[in-house]
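Chain residues, written in single-letter form:
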Amino acid sequence: SDDALGIPTQGWAYQYFDGLSAPSTLATAGFTLSGGTDNTNTVTDSGTASDFTPNNFDSGDNYALKFEATLTITTAGTYTFRTRSDDGSALFLDGVQIVNNDGLHGAVTVTSAGQVLAAGTYTVEITFFERTGGNVLEADISGPDTGGGFVDLASYGAATTLALDDGNDTLFGG
C-alpha cells in the first residue's frame, strides 16, 4: 500500500506471530502451509519493515516472523543466498526452499547452492523463529548484480529500490 501522499512505502512486507509455545523448528513455530512459508498461527502484527532485525519486533522469546519481497535481477547469472540466524530460518525463492537453517542453535550461517537466474523478478520469502537466547536474523545475496560479494538483502540496491506497491515489495539489483 501507499502512504497518505501516494508515496510508495519502503521495506519488506512482514508478519509477526507472538506467544508461541516453545518452538523447536520452523514447523513447530507454525510454518507448515504452502511448503513452509505460511503460518498456522494468528498474525499478531503485520506491515512493512526496512529490515528483518528480530529485536525490532520482539526482544523476548517464543515468536516467529515471515518476510516477503520481490527481487529484481538485472544481470543473468549464478546467485548465492545465505541466512545467519539464532534460532531457525529458511529462505525461499519463488516458493522453493533454497536455504535451510532450521532448528535450535546459536547464530549459524547456511548458504544455498548456486541459483542460475535469468534477468527478471523473483519472490523472496524468509521465515524465522526464536525460542530462547539470541535474536539474530540476517540474509544476504551474492552474484553478478552485487559485484560477486555478499550484500545484505534488507538493504540490497540501496534506499531507492525497496518500494512497496499494492502489497508487493521490490528489490532491484545492479
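Parameters and conventions
- One numbering rule holds for all chains: residues counted from 1, following each sequence as written.
- Local features in a predicted model are, by the rule used here, given only for residues with pLDDT of at least 70; side-chain atom pairs are given and counted only at 80 or more, and totals for whole chains, interfaces and linings are based on all residues.
- Note that water and hydrogens are dropped before the side-chain values are worked out from all heavy atoms of the structure.
- Only runs of H or I of at least four residues qualify as helices and only runs of E of at least two qualify as strands under DSSP, and these elements are numbered from the N terminus.
- Buried residues are those whose accessible area, probed at 1.4 Å on protein chains only, stays under 20% of the maximum for their type, while exposed residues exceed 50% and partly exposed ones sit between those limits.
- When checking whether two residues touch, look at their non-hydrogen atoms; a contact exists if any pair is within 4.5 Å.
- Reported accessibility uses the Shrake-Rupley method at a 1.4 Å probe radius. Residues are deemed covered only where the shown protein chains occlude them.
- A carboxyl oxygen of Asp or Glu within 4 Å of a side-chain nitrogen of Lys or Arg is what we treat as a salt bridge.

1. Let's talk about the overall build of the protein
Link 1 in the chain: A tally of helices and strands in the protein yields zero helices and 16 strands.
Link 2 in the chain: Counting across all 174 residues of the protein, residues that qualify as buried make up 45%.
Link 3 in the chain: The contacts in the protein between residues at least 6 apart in sequence include a share of 72% that link residues at least 24 apart.
Link 4 in the chain: Put simply, the protein shows about 7,400 Å² of open surface, and 48% of that area lies on carbon and sulfur atoms.

2. Here we look at the environment of G95
Link 1 in the chain: Counting through the fold element by element, G95 comes out in the loop between β8 (89-93) and β9 (96-101).
Link 2 in the chain: Residue G95 is classed as partly exposed on the basis of its relative accessible area of 43%.
Link 3 in the chain: Remark: the alpha-carbon pair of G95 and Y122, spanning 27 residues in sequence, is separated by 9.4 Å.

3. Some remarks on unusual backbone geometry
Link 1 in the chain: D86 connects to D87 through a cis peptide bond whose omega is 10°.
Link 2 in the chain: Mapped onto the fold, D87 is located in the loop between β7 (77-86) and β8.
Link 3 in the chain: At A22, a residue that is not glycine, the phi angle is positive and equals roughly 45°.
Link 4 in the chain: Assignment of secondary structure puts A22 in the loop between β2 (12-18) and β3 (31-33).
Link 5 in the chain: Take A22: its relative accessible area is 37%, and that puts it in the partly exposed class.
Link 6 in the chain: Positive phi, close to 60°, is recorded for N62, a residue that is not glycine.
Link 7 in the chain: Within the secondary structure layout, N62 lies in the loop between β5 (45-49) and β6 (63-73).

4. Considering the pattern of salt bridges
Side-chain pairs of opposite charge can arise where the charged atoms are in close proximity.
Link 1 in the chain: Counted according to the given criterion, the structure contains five salt bridges.
Link 2 in the chain: The salt bridge involving R84 is made with E138; its shortest N-O contact spans 3.1 Å. Of the two residues, R84 is situated in strand β7 and E138 in strand β13 (residues 136-142); the sequence distance between them amounts to 54 residues.
Link 3 in the chain: Accessibility expressed as a relative area gives 31% for R84, which makes it partly exposed.
Link 4 in the chain: Each member of the salt-bridge network shares a partner with another, and the members are D38, K66, E68 and E125.

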